[in-house]
Amino acid sequence: MRDDKMYQDSILYVDLAQGKSWRKEFPPPWRRKFLGGRGLAVKLLADLVPPEADPLSPQNALIFATGPLTGTMAPSAGRYTVEAVSPRTNLVGYSNSGGHFGPELKYAGHDALVVLGRAPELSYILIEDDEVEIREAPFLKGKGVFETVRLLQEEHGGECQVACIGPAGENLVLYAAIVNDLWDVQGRPGLGAVMGSKNLKAVVVKGSRDVEVRRGQEFFSKVLECYQKIRADKTYPDFSKYGTSLITDIAQASGGLSTRNGQQGVFELYENISSHRLHQKHTLRKKACFGCILHCKNYVKVDDPRYIFRGGGPEYESIVTLGSRVGVGDLNVILKANDLANDFGLDTISAGTSIAFLMECSQRGLIPERLEWGDGELVLELLRKIAHREGIGDFLAQGVKRMSEEIAGSESFALHVKGLEFPAFDPRTGKGFALGEAVANRGGDHLSHLPNFELFGMTPKEGIEWFGNPHCVDPYTEKGKVPMVLWHEYFAVICDSAEICKYTTFATYALLPKDLAELISYDTGEEWSEEELMEIGERVANLERLFNLKRGMDPRDDTLPARFLSEPLKEGPAKGIVVRLEEMLPEYYRQHGWDERGHPKKETLERLGIEG
Ligand code: SF4
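Residues numbered from 1 in each chain as written. Predicted model: local features only at pLDDT ≥ 70, side-chain atom pairs only at ≥ 80, totals over all residues. Heavy atoms only, no water.

The next subject is the domain arrangement of the protein chain. Split into domains, the protein chain comes out as domain 1 (11-206), domain 2 (240-421) and domain 3 (427-608). Counting residues at the interface gives 44 residues for domain 1, matched by 36 residues for domain 3. Where domain 1 abuts domain 3, roughly 3,300 Å² becomes buried across the two surfaces, and 59% of that area is made up of carbon and sulfur atoms. One can count four salt bridges joining domain 1 with domain 3. Arg32 is the partner of Glu532 in a salt bridge, and the nearest nitrogen-oxygen pair spans 2.7 Å. Connecting domain 1 to domain 3 are 23 residue pairs in polar contact (both at pLDDT 80 or more). For the side of domain 1 that touches domain 3, the elements supplying multiple residues, two or more each, are helix 1 (28-34), helix 2 (37-48), strand 4 (80-85) and strand 5 (92-97). (Domains from an automatic or database assignment. Contact = heavy atoms within 4.5 Å. Buried area = accessible area lost by both parts, 1.4 Å probe. Salt bridge = Lys/Arg side-chain N within 4 Å of Asp/Glu carboxyl O. Polar contact = N/O pair within 3.5 Å; in protein donor to acceptor, adjacent residues only side chain to side chain. Helix = DSSP H or I, 4+ residues; strand = E, 2+ residues; numbered from the N terminus.)

Right, dumping it as structure tokens:
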């Protein structure tokens, strides 16, 4: 009998080149060191992929990993991680999504799926518990995500779960995404391109196993307590009603609503893209991922005959990057663009930011093409061209960093970090975000830290109680940010490794590490402490850092686009402000146990049990 049952004791390997699959045990010592999900994935990646491997070569591994809470009754525990070496950054590339695919993989009896090699023809993997097949898929060639899911569910039954790529992944667009549940997206580090490079169109899963918990009654009581905490949290009423679109309003109010590629932080058409407008005009009903009472997602409609559709609505990041960042103030267009991106299998942040970059190049006369701010029809057309690598879309498909290297004079407004396009929120109006985005292990990313503590109206007294400094709650100052950012960094790893949503945990502070430690203790029947979990967070963050350094990452790339460091915002509450990263970065390295060059010290690695 297994010593704990929240794990399925199975890591499933599929070698597409050899047409073989096999299972290995999830080594018990790894559970206490890496937990699962993102922690397990980076351990596997570090063991399997040599530092010199090209991200789009068969040497890269594509890892789908669940966590100990995935598929249990714990709130919002439908998450799973996908990880590979990223073609955007050439560094570690982790991503996380909800929906129902993760639980289904676990119900099939597997903690993780590791895909190796490259299939000779376009294929998909079919997993039905222990039965694993690699099937050729010529009938799926060029198909969008929605059609792919429909065809595979026709073939294998509506109850199967599908994670797949669209044409963007097949065409190796560098910011192609993997999509499950039609609208839940494993975006950001270009994992859809990695999947496309393996000639893998989809993974189809059907499971019939249970996920058992050891101390069922206590686990159930704790789950009920967690539900009550989520419901009682001050963010619950608005967050469950509007979802992440709420942050559009916060960004505009703080002067950080990224407009025209970050040239402005206040959008004159904001009212047209606000959370209220989305809710009143477009939201038909709320949607939830597996086991989530927060139901932050919106099922939307667009009635304008030019863009008519019903489907999944955009998150805040997509509203901004396909809206104000490209100067578009029409939700009909933004919702349609988001829907197209989902069907093409494109990361909306990178796609929108790449278009915004080229629009600014046009504004400055650096390219011959005329790309006008706010031209919604153009944005829709460019998304189609990117996904199919047609004309200018082929150039855009490379992303901002590579385009900038070919356009003289564009470097200062190329919004990327380490090759990954910059997320929606303007870091000049959130200095904790600024630090996190400069150092995130997957490049320009907000979710590796997400220090909402500085945005959600916390008081200086709470700043002292939580992080020993009253200034950490002030988004416009660099003071007191390092302990807060580190806490969020480690807690983010725990959420991504236990596989529970960040929006019921550290993004809203409804559930904290102590709650997760209790859930996992009752789940496994073994005692876990919050200190132990936070140390896992630190260990995984360091392992990712080490992985990046071995792949040649230059710590001088722990920085931000020049625009945010030297170009003050011209209006709004953040007028005159830039990011003074040098006031935070050395202290961040020091508190992380790294040397002044940003390398983990020997004693840090020894304390965490990581081989250097
Ligand atoms: S909070 Fe939103 S994204 Fe997170 S699990 Fe719930 S519905 Fe999904």
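Before going further, it helps to examine the nonpolar core. Formed by 158 residues in total, the largest nonpolar core has its most connected members in Leu346 and Tyr588. It is helix 20 (residues 481-498) that contributes the most residues to this core, 12 residues altogether. Leu346 has contacts with Ala168, Val173, Tyr175, Ala177, Ala341, Leu383, Ile386 and Ala387, leaving out every residue within four places of it along the chain. Grouped together as the second largest cluster of nonpolar side chains are 25 residues, Ala84, Leu113, Ile125 and Ile127 included. (Core = buried A, V, L, I, M, F, W, Y, C linked by side-chain atoms within 4.5 Å. Buried < 20%, exposed > 50% of the residue type's maximum accessible area, 1.4 Å probe, protein only.)

Now for the sheet that holds strand 15 (residues 309-312). Here we have three strands laid out as an open sheet, ordered 13-14-15, and antiparallel in their pairing. Each having just a single partner strand, strand 13 (283-287) and strand 15 make up the two edges of the open sheet. Recorded for the sheet is a direction-independent mean angle of 15 degrees between the axes of neighbouring strands. The sheet contact formed by strand 14 (residues 297-302) and strand 15 spans four bridges and is antiparallel. Its bridge partner lying in strand 15, Lys301 is registered against Arg310. (Pairing = 2+ DSSP bridges. Axes fitted to C-alpha atoms, helices over the stretch in contact; angles between N-to-C directions.)

To continue, consider helix 4 (residues 145-156). Taking 1.5 Å of rise per residue, the 12 residues of helix 4 would be expected to cover 16 Å, and the 16 Å separating its terminal C-alpha atoms lies within 8% of that figure. Of all the residues in helix 4, the buried ones are Val145, Thr148, Val149, Leu151, Leu152 and His156. Along the axis of helix 4, the buried residues cluster in a sector spanning 165 degrees; they form a single face. (Expected span 1.5 Å × (residues − 1). Arc of directions from axis to C-beta.)

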